[in-house]
Amino acid sequence: MQDVYADLAVEGTELGDLVSGLSPEEWAAETPAASWTVRHQVAHLAYVSRMVRLSVSDTEAFEAEIAPVREDFQSGMDAGLAEYVAEPAPRLLRRWAEERTAAEKGLSARERRDLVPWPAGPLPASVLAAVALAELFAHGQDIRDGLGRPRVLTDRIGHIVFLGTRTRDLAYRARGLRAPAEPFRFELTAPSGELWAFGPPEAGQRITGPAQDFCLLVTRRRHRDDLALDAVGTEAGRWLDIAQSYTGPPGTGRAPQ
């Protein structure tokens, strides 16, 4: 697996370069997320970068920042987002770049197993970097979909695949469901053609397919019917309907195309 800290920095730079030259009309373009424009997507990424920066550098400030989110996840996130959405595009881009760079620097100063705070509970610093990378992947996909821009994926998505397999039970908890005790086997093909496998080889519940599609599934950017993912076993099939790799309400998800 590639270095998650380095891959996070590269992914952020690539998406930052994409949005830095947008016209006012493109900033106002609608994205697949209901009522969110490209501006909302960038504002969200700036706010998440701020939370990552505080998590790894100032625990007290992080807890103060996250208190409204812990009290009411959606309203707390919306309140944090509003400050960034109101910024003129050049200022928003500058703030995002500053927050992103500071977050990356703070993460790289941490040992990978250092526990740092996060809304769902403490995470190893390397896992928080994977969470931040998944945010870039998901909201970057929304931006590209809104603008009609293609993307070329690399094996950097391996960190998101790992995160998606390790957070299997989040989907159940988000819906008040009991997660199955039986483990899953995941066999996913990387953009490079390498096979990434997670879970016991003998597991009866199995999910296979392209790693790119798996990332789109667990970030809820595509409906399962539009992805080339196969499930063996009742629970594995059920999970494809509800999968998510992030904390918080699942939302309505995307309709099949």
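Read on for a plain summary of the structure. (Residues numbered from 1 in each chain as written. Predicted model: local features only at pLDDT ≥ 70, side-chain atom pairs only at ≥ 80, totals over all residues. Heavy atoms only, no water.)

Observations regarding the pattern of salt bridges
Phase 1: Taken as a whole and assessed by the stated rule, the structure comprises 20 salt bridges.
Phase 2: The residue arginine 149 makes a salt bridge to glutamate 26 at a minimum N-O spacing of 3.2 Å. Here arginine 149 is found in the loop between helix 7 (125-147) and helix 8 (158-166), whereas its partner glutamate 26 is found in helix 2 (residues 24-27), with 123 residues between them in sequence.
Phase 3: Residue glutamate 87 pairs with arginine 91 through a salt bridge whose shortest N-O separation is 3.9 Å.
Phase 4: Residue glutamate 87 is classed as buried on the basis of its relative accessible area of 17%.
Phase 5: In this structure arginine 91 comes out as partly exposed when scored by relative accessible area, which is 31%.
Phase 6: Where salt bridges share partners, they join Glu11, Glu14, Arg151 and Arg156 into one cluster. (Salt bridge = Lys/Arg side-chain N within 4 Å of Asp/Glu carboxyl O. Helix = DSSP H or I, 4+ residues; strand = E, 2+ residues; numbered from the N terminus. Buried < 20%, exposed > 50% of the residue type's maximum accessible area, 1.4 Å probe, protein only.)

A few points about the packing of helix 3 (residues 38-57) against helix 5 (residues 73-85)
Phase 1: Interaxial distance between helix 3 and helix 5 falls to 8 Å at its minimum, and their mutual angle equals 110 degrees. By the criterion of interaxial angle, the relationship of helix 3 to helix 5 is roughly perpendicular. The chirality of how helix 3 crosses helix 5 is right-handed. Contacts between helix 3 and helix 5 involve Arg39, His40, Ala43, His44, Ala46, Tyr47, Arg50 and Met51 from the first element and Gly76, Met77, Gly80, Leu81, Tyr84 and Val85 from the second.
Phase 2: Among the residues making up the contact of helix 3 with helix 5, the classes are represented as eight nonpolar, four polar and two charged. (Axes fitted to C-alpha atoms, helices over the stretch in contact; angles between N-to-C directions. Parallel < 35°, antiparallel > 145°, perpendicular 65-115°, else oblique. Left-handed = near helix turned anticlockwise from the far one by under 90°. Contact = heavy atoms within 4.5 Å. Nonpolar A, V, L, I, M, F, W, Y, C, P; charged D, E, K, R; others polar.)

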